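# Observations on chain architecture
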Amino acid sequence: MKEEISVLIDEEKLQKRVKELAEQINKDYEGKKIHLICILKGSVFFTCELAKHIKVPVIMDFMTVSSYGDGLKSSGYINIEQDFSIDIKGRDVLVIEDIVDSGRTLAYLAHMMKKREPSSLKVCALLDKPEHRETEITVDYSGFAIDDAFIVGFGLDYAQKYRNLPYIGVLNLKED
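As the structure is a prediction and not an experimental result, all values here were calculated from the model. (Residues numbered from 1 in each chain as written. Predicted model: local features only at pLDDT ≥ 70, side-chain atom pairs only at ≥ 80, totals over all residues. Heavy atoms only, no water.)

So, on to the pattern of salt bridges. Opposite charge on two side chains permits them to pair, given that their charged atoms come into close proximity. Tallied over the entire structure, the rule returns 13 salt bridges. Taking the shortest distance from any N to any O, the salt bridge between Lys 52 and Glu 49 comes out at 2.8 Å. Remark: Glu 49 and Lys 52 occur in helix H2 (residues 44-53); sequence separation between them is 3 residues, near one turn of the helix. By relative accessible area, Lys 52 is classed as exposed at 54%. A salt bridge links Glu 134 to Arg 104; its shortest N-O distance comes to 2.8 Å. Note that Glu 134 is positioned in the loop between strand E6 (120-128) and strand E7 (141-145) and Arg 104 in helix H3 (residues 104-114), a separation of 30 residues in sequence. Taking relative accessible area as the criterion, Glu 134 reaches 52% and is therefore assigned exposed. The partly exposed category is assigned to Arg 104, whose relative accessible area is 27%. Each of Lys 2, Glu 4 and Lys 174 takes part in salt bridges that share partners, so that together they form one network. (Salt bridge = Lys/Arg side-chain N within 4 Å of Asp/Glu carboxyl O. Helix = DSSP H or I, 4+ residues; strand = E, 2+ residues; numbered from the N terminus. Buried < 20%, exposed > 50% of the residue type's maximum accessible area, 1.4 Å probe, protein only.)

Here it is in structure tokens:
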């Protein structure tokens, strides 16, 4: 199979939207401290870029969750490979996700996190596929709503490739 990538969101547009999201977060969390939880690995680029523009105090934590493996579709099984390390009880938590697709992963994580009694719990996603949603989940801060396609770049991968692209692209697999 030949892998072809077409640019969906270029680097300039991506950076502009990240700054806009940070501005909104700064307003909403004024006078507070945010506990950012980056969902690894796909959200790492987005989380780092977003954090650069957040002016309120930030604590960063990381969680490794998988549901795709090396395929093009979610397996439907949510695997927590690494839990976050800091107690979130009484904290204002903002979960940073690369893409919200079916919503199953985030719904599962939100349910788990709410049991840990944060003061508040919100979700920020770079990409959102609202038409593909299978589970109800609120995305409080959404970068871009996109159509159903397999996305790579800016942290998102296909079989661990393409994370380092500075833009968001659509992956197409073609017969050789």
